[in-house]
Amino acid sequence: MAYYKAKDIVKQGSVAITTSVIVDCFAGVLLNAKIEALLSIPILLVLLPSLMDMTGDIGCMVGSKIATFLHLGLVRPRFEKNPYLMRYAVAVMTVAVLTSLYLTFLAVAASYLLGLSAVEPLKVLAVVLACSVSISVIAFLVGIAAGFVTFKHGWDPDNTTIPIVTATCDVVGAMLLLLAASLIGMI
Amino acid sequence: MSELVIRAFAIAAGIGLASMKGVLEEFPGMMIMIPAFLQMRGAVGGTLASRLSSALHMGIIEPRLKRSRELSQNLIGTFVLNVILSGLIGCLAHFMCLLFGFKSSGLLTLFLLALIAGIISNLVIMFVTTITTIKIYQRGLDPDVIMGPFVTTLGDVISIPCLFLAALILMAAGI
């Protein structure tokens with residue numbers, strides 16, 4: 001009996017990915033609607049592609065790992081304290097903080113080189129850190145929920161967690177960035 | 001660590017997009033499909049890498065580059081899924097244009113554009129993802145941690161030239 005069937009991959013994948021593509025369109029609409037706010041703060045435009053990419057990557061890592069945990073039986077699909085998940089949560093947070101430091105450094109360096117209006121590195125770091133830490137928490141919770149629900153349903157969580165988590169991260173990332181834009185604008 | 005290296009490469013995708021400006025004007029509606037196309041590319045590649053990682057961890061697929069039933073089912077599934085979703089995104093882009101009152105280059109053109117770009121980019125992604133996932137596992141590293149960021153970034157970098165290439169093919173065919 002084969003573990004993987006092309007038919008199941010197509011069926012489960014098309015449901016999950018079509019949903020994620022539609023959800024992702026909302027992230028685009030959201031950013032498009034507030035484009036003036038973003039244009040007024042050039043550093044946010046410099047950060048935008050990298051920050052969106054980072055949120056997707058964190059979502060991808062979390063989704064993939066949770067699916068593997070479920071397959072291996074290291075994590076059972078119910079809400080309880082689990083040493084593997086706890087250790088993994090700490091690892092994801094560490095990656096998020098380290099990447100934020102690196103990303104802030106790149107963005108500040110790039111805007112000095114391009115001669116964009118003066119920015120305070122600390123303010124940028126605060127925005128990036130706040131975004132990446134909250135994204136990681138959300139990615140983790142959504143990844144666990146999506147993995148548990150699909151696994152209980154008899155589907156392969158590998159097919160569903162990544163599209164669901166990355167699309168959620170994109171929408172939340174866009175919202176956080178706009179929030180940051182309005183906060184920076186006020187200060 | 002893989003995060004840091006990949007972050008620097010992400011910029012290449014943006015440079016590719018900037019150089020496509022002329023083609024984007026030639027094919028109205030193409031811009032609309034780009035975010036959806038990139039999300040689809042990342043998700044199809046990401047789920048393939050995720051399944052392969054789980055299968056390697058479980059011992060269902062051996063960490064060697066050889067033909068097996070499980071691996072070929074995975075690849076066939078990924079390919080069919082990609083064809084369906086690419087075509088769907090092309091059609092979706094056309095209807096989004098109609099809905100928001102933008103100019104569209106037509107249902108058939110956008111459908112073919114997404115389909116051709118989807119197939120070309122998918123072949124590259126499937127090939128690279130399968131080999132890299134197995135090689136990484138052989139080296140004793142965890143593909144779950146490395147492949148996610150790698151595949152989504154690779155998808156972004158490859159998708160844009162593939163859309164560009166598909167547009168050139170359509171232009172040469174006179175559509």
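Residues numbered from 1 in each chain as written. Chains lettered and ligands numbered in written order. Predicted model: local features only at pLDDT ≥ 70, side-chain atom pairs only at ≥ 80, totals over all residues.

### Looking at the overall build of chain B
Point 1. Of the regular secondary structure elements, chain B holds six helices and zero strands.
Point 2. In chain B, the succession of helices and strands from N to C terminus is α-α-α-α-α-α.
Point 3. By residue count, 47% of the 175 residues in chain B fall in the buried class.
Point 4. Contacts in chain B between residues at least 24 apart in sequence constitute 81% of all its contacts with a sequence separation of at least 6. (Helix = DSSP H or I, 4+ residues; strand = E, 2+ residues; numbered from the N terminus. Buried ≥ 20, exposed ≤ 12 C-beta atoms within 10 Å, placed from the backbone. Contact = placed C-beta atoms within 7 Å.)

### What about the overall build of chain A?
Point 1. Across its full length, chain A holds six helices and zero strands.
Point 2. Along the first, second and third principal axes, the C-alpha atoms of chain A reach 60 × 35 × 25 Å.
Point 3. Going through the 187 residues of chain A one by one, you find that 47% of them count as buried.
Point 4. Taking the contacts inside chain A whose residues are at least 6 apart along the sequence as the reference set, 81% of them involve residues at least 24 apart.

### Some words on the packing of helix 3 (residues 42–72) of chain A against helix 4 (residues 83–113) of chain A
All names here are of chain A.
Point 1. In contact at an axis separation of 10 Å, helix 3 and helix 4 are set at 160 degrees when each is read in the N-to-C sense. Between helix 3 and helix 4, the interaxial angle falls into the category roughly antiparallel. You can see that helix 3 and helix 4 cross each other, and the crossing is right-handed. Of the residues in helix 4, those in contact with Pro42, Ile43, Val46, Leu47, Ser50, Met54, Ile58, Val62, Lys65 and Phe69 of helix 3 are Tyr84, Tyr88, Val92, Ala96, Thr99, Leu103, Ala107, Ala110 and Ser111.
Point 2. Tallied by class, residues from the contact of helix 3 with helix 4 come to 15 nonpolar, three polar and one charged. (Axes fitted to C-alpha atoms, helices over the stretch in contact; angles between N-to-C directions. Parallel < 35°, antiparallel > 145°, perpendicular 65-115°, else oblique. Left-handed = near helix turned anticlockwise from the far one by under 90°. Nonpolar A, V, L, I, M, F, W, Y, C, P; charged D, E, K, R; others polar.)

### Digging into helix 5 (residues 121–152) of chain A
Point 1. Compared with an ideal rise of 1.5 Å per residue, which puts 32 residues at 46 Å, helix 5 of chain A spans 46 Å between its outermost C-alpha atoms and is within 8% of the ideal.
Point 2. Phi turns positive, to about 90 degrees, at Gly154 of chain A, one or two residues after helix 5 of chain A. (Expected span 1.5 Å × (residues − 1).)

### Notes on the confidence of the model for chain B
Point 1. With 87% of its residues at a pLDDT of at least 70, chain B reaches an overall mean of 85.
Point 2. At the low end of the mean pLDDT range in chain B sits helix 1 (residues 2–18) of chain B, at 61; at the high end sits helix 5 (residues 107–138) of chain B, at 93. (pLDDT = per-residue confidence, 0-100.)

### Points about helix 4 of chain A
Residue and element names in this part refer to chain A.
Point 1. Relative to the 45 Å expected for 31 residues at 1.5 Å per residue, helix 4 spans 45 Å between its end C-alpha atoms, a close match to the ideal helical length.
Point 2. Among all positions in helix 4, only Tyr88, Val92, Val95, Ala96, Thr99, Ser100, Leu103, Thr104, Ala107, Val108 and Ser111 are buried.
Point 3. Gly115 occupies a position one or two residues after helix 4 and carries a positive phi of about 70 degrees.

### Considerations on the packing of helix 3 (residues 30–58) of chain B against helix 5 of chain B
Residues and elements named next belong to chain B.
Point 1. Contact pair helix 3 / helix 5: the axes reach a minimum separation of 10 Å and the direction vectors enclose 30 degrees. For the element pair helix 3 / helix 5, the angle class is roughly parallel. In this structure, the crossing between helix 3 and helix 5 has a hand that is right-handed. Residues Met30, Met33, Phe37, Arg41, Val44, Gly45, Leu48, Ala49, Leu52, Ser53 and Leu56 of helix 3 pack against Leu110, Leu113, Ala114, Ser121, Asn122, Ile125, Met126, Thr129, Thr130, Thr133 and Tyr137 of helix 5.

### Observations concerning the interface of chain B and chain A
Point 1. On the side of chain A, 41 residues touch chain B, which itself brings 41 residues to the contact.
Point 2. Residue assignment for the side of chain B that touches chain A shows that the elements contributing at least two residues are helix 1, helix 3, helix 4 (69–100) and helix 6 (143–172) of chain B.
Point 3. In terms of residue count, helix 3 of chain B provides more of the side of chain B that touches chain A than any other element does, 16 residues in total.
Point 4. In the side of chain B that touches chain A, the residues fall into 19 nonpolar, 16 polar and six charged.

### Remarks on the nonpolar core
Side chains of a nonpolar character, in soluble globular proteins, are inclined to be buried together.
Point 1. Counting 99 residues, the largest nonpolar core has Ile58 and Ala139 of chain A together with Met33, Met40, Ile89 and Leu113 of chain B as its most contacted members.
Point 2. The biggest single contributor to this core is helix 3 of chain A, with 15 residues.
Point 3. If near-sequence neighbours (up to four positions away) are discounted, Ile58 of chain A is found in contact with Val92, Ala96, Ile135, Ser136, Ala139 and Cys169 of chain A. (Core = buried A, V, L, I, M, F, W, Y, C linked by C-beta atoms within 7 Å.)

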